[in-house]
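Descriptive analysis of the structure
Residues per chain, in single letters:
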Amino acid sequence: MATWNLLLTQDSSSPLMEQLIFFHDHTLMILIMITIMVVYLMTSLFFNKLIFRFLLEGQTIEFIWTVLPAMTLIFIALPSLRLLYLLDETNNPLITIKTIGHQWYWSYEYNDFKNIEFDSYMTPSNEMKIFSFRLLDVDNRLVIPFNSQIRMLVTAADVIHSWTIPSMSVKIDATPGRLNQVNFFINRTGLFFGQCSEICGANHSFMPIVLESINAEYFIKWIYKMAEI
Ligand SMILES: [Cu+2]
């Protein structure tokens, strides 16, 4: 089932995204069952001769078609609520990073360490290397250690932006005058890409997000290097 999901989303890079994919598959199974039943009922009704004129009520079938949808909704609602609360949970984060959306770039601040802050601009097409991703790469990536709980504080300086990493199931509005919080946990190393997801002006499409997930040891080295500058 996850194969269907991959047509629309990327491979998961966090335990919560894994749960979201499970939930998607679960709901899709229920939808398929409902669709099959409705198609069957419509075709059988189409070929019905409708000769049973004196049918006035059917307590049994009425009971079934009242209770069955209610049960189906419960089977969707309960796992959905579970996920909703799991996504909001803060589990003793190892580091806190603040990101600020600007027209049109992101800036990052690591205040747990010596005040490290930098801007992250998209690499323009004429400065691309052979291995760069067009419209997705940035000059300064957000570097985080993998296998650790991270807390992001998200805000904006001018208009509303939205900080997004789809493979990690993170999408949170960056609103001026408001500090939003999101937690994530990346379970592997690599580069993870996202784009601003709130129409924020002329260059909305050109303020991508790149997250570089690395070993904690290299992360410490990176922190030292950044602190020296
Ligand atoms: Cu934006």
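Within any chain, residue numbers begin from 1 and follow the written order of that chain's sequence. Per-residue local features of the predicted model are confined to residues with pLDDT of at least 70, and side-chain atom pairs are confined, for both listing and counting, to 80 or more; whole-chain, interface and lining totals are unaffected and use all residues. Water and hydrogen atoms were dropped before computing side-chain values, which therefore reflect all heavy atoms in the structure.

**Details of the overall build of the protein chain**
Helix and strand definitions follow DSSP, with helices as H or I runs of at least four residues and strands as E runs of at least two, each counted in order from the N terminus. Scanning the protein chain for helices and strands turns up four helices and ten strands. The reference for a compact globule is 2.2 Å times residues^0.38; the radius of gyration itself is calculated from the C-alpha atoms. For a compact globule of 229 residues, the expected C-alpha radius of gyration is about 17 Å, and the protein chain comes in at 24 Å, more than 25% above that figure. Oriented by its inertia axes, the alpha-carbon framework of the protein chain measures out at about 90 × 40 × 35 Å. Summarising the internal contacts of the protein chain: among those between residues at least 6 apart in sequence, 65% fall at separations of at least 24. Computed with a 1.4 Å probe, the accessible areas rest on the Shrake-Rupley method; for each residue, only the protein chains presented here act as cover. If you sum the accessible surface of the protein chain, you get close to 14,800 Å²; carbon and sulfur atoms cover 64% of it. This count recognises Lys and Arg as positive and Asp and Glu as negative, with His and chain-terminal groups excluded. Every charge is mapped to an atom, namely NZ of Lys, CZ of Arg, CG of Asp or CD of Glu. Each charge class in the protein chain was averaged separately, 14 positive and 20 negative side chains, and the resulting centres sit 4 Å apart. Throughout, a residue-residue contact means that at least one pair of heavy atoms, one from each residue, lies within 4.5 Å.

**Side note on a negative patch on the surface**
In this analysis, a patch consists of residues with relative accessible area above 30% that form no salt bridge, clustered at 9 Å for like charges and at 5 Å for the nonpolar side chains Val, Leu, Ile, Met, Phe, Trp and Tyr. Whenever Lys or Arg places a side-chain nitrogen within 4 Å of a carboxyl oxygen from Asp or Glu, that contact is recorded as a salt bridge. Judged by side-chain charge, E117, D119, E127 and D139 come together as a negatively charged surface patch. The residue E127 is located in the loop between β3 (116-120) and β4 (142-145) in this model. Under the scheme applied here, a residue whose accessible area is under 20% of the maximum for its type counts as buried, over 50% as exposed, and between as partly exposed, the area being computed with a 1.4 Å probe on protein chains only. The exposed category is assigned to E127, whose relative accessible area is 53%.

**As for the environment of F118**
Turning to its location among the elements, F118 is positioned in strand β3. Taking the C-alpha atoms as reference, F118 lies 8.8 Å from W106; in sequence the two are twelve residues apart. Not counting the four nearest positions on each side in its chain, F118 is found in contact with W106, S107, Y108, Y110, N140, R141, L142, W222 and M226.

**Description of the sheet that holds strand β8 (residues 180-185)**
By the convention used here, strands pair only if DSSP detects at least 2 bridges between them. Ordered by their spatial adjacency, five strands build an open sheet running β3-β2-β1-β5-β8, and the pairing between neighbours is mixed. Across the chains shown, the open sheet's two edge strands, defined by having one partner strand only, are β3 and β8. With strand direction ignored, the average angle separating the axes of adjacent strands in the sheet is 25°. Across seven bridges, the pairing between strand β1 (residues 95-102) and strand β5 (residues 149-156) is parallel. Within β5, the position partnered with T96 by the bridge is R151. Comment: axis = line fitted to C-alpha atoms, over the contacting stretch for helices; angle = value between 0 and 180 degrees taken between N-to-C directions. Here helix α4 (residues 216-228) sits on the sheet and contacts β1, β2 (105-110) and β3; the angle it forms with β3, its principal contact strand, is near 90°.

**Describing the layout of surface pockets**
Points on a 1 Å grid, built from protein atoms alone, make a cavity when a 1.4 Å probe fits but cannot get out and make a pocket when they are open with protein on both sides within 12 Å along at least 5 of 7 lines; residues with an atom within 4 Å of a point are the lining residues. Grid points are joined across faces, edges and corners, and a volume is the space filled by probe spheres set on the points. A volume near 550 Å³ is recorded for the largest pocket. Along its surface, the largest pocket is lined by 18 residues, and I34, M37, L68, P69 and T72 are the ones closest to its centre. Of all the secondary structure elements, the ones that give two or more residues to the lining of the largest pocket are α2 (15-46) and α3 (59-87). If one sorts the elements of the lining of the largest pocket by residue count, α3 sits on top with ten residues. By residue class, the composition of the lining of the largest pocket is 16 nonpolar, two polar and no charged. Residues were grouped as follows: Ala, Val, Leu, Ile, Met, Phe, Trp, Tyr, Cys and Pro as nonpolar; Asp, Glu, Lys and Arg as charged; and all remaining residues, including Gly, as polar.

**A word on the domain arrangement of the protein chain**
Boundary definitions for the domains trace back to an automatic or database domain assignment. The assigned domain composition of the protein chain is domain 1 (2-48 + 57-87) and domain 2 (95-228). Here the C-alpha centre of domain 2 lies 35 Å away from the C-alpha centre of domain 1. Each side of the interface is counted separately: domain 1 has ten residues, and domain 2 has nine residues. As used here, buried area is the combined drop in accessible area, with a 1.4 Å probe, of two parts when they are placed together. Carbon and sulfur atoms make up 46% of the surface buried where domain 1 meets domain 2, a total of about 830 Å² over both sides.

**Quick word on the coordination of the copper ion**
Here the copper ion is held by the protein donor atoms H161 (ND1), C196 (SG), C200 (SG) and M207 (SD), which lie 2.0 to 2.6 Å from it. For the copper ion, the four donor atoms in the first shell make angles of 94 to 129° at the metal, a pattern classed as tetrahedral. Keep in mind that water is not among the atoms, so a site may look incomplete; donors are the N, O and S atoms within 2.8 Å of the metal, or 3.2 Å for Na, K and Ca. Sequence spacing among the residues donating to the copper ion works out to H-x34-C-x3-C-x6-M. By relative accessible area, which is 5% here, C196 ends up buried. In these descriptions, tetrahedral denotes four donors with every angle between 85 and 135 degrees, square planar four donors and octahedral six donors with opposite donors over 155 degrees apart and the rest between 65 and 115, and irregular any other case.

**Section: α4**
The end-to-end C-alpha distance of α4 is 19 Å, a good match for the 18 Å that 13 residues give at a rise of 1.5 Å each. Buried residues of α4: F219, W222, I223 and M226, and no others. Along the axis of α4, the buried residues cluster in a sector spanning 105°; they form a single face. Along α4, exposed side chains directed more than 90 degrees from the buried face belong to E217, Y218, Y224, K225 and E228. Turning to α4, the residues buried within the fold contact β1, β2, β3, β4 and β10 (209-214). The term polar contact refers here to a pair of N or O atoms within 3.5 Å; inside protein, the definition further demands a hydrogen-donor-capable atom paired with an acceptor-capable atom, and it admits residues adjacent in sequence only when both atoms are side-chain atoms. For α4, the capping residue at the N-terminal end is N215, with a side-chain oxygen 3.0 Å from the backbone nitrogen of E217. Multiplying 1.5 Å by the residue count of a helix minus one yields the expected span of that helix. What the arc describes is the spread of directions from the helix axis to the C-beta atoms.

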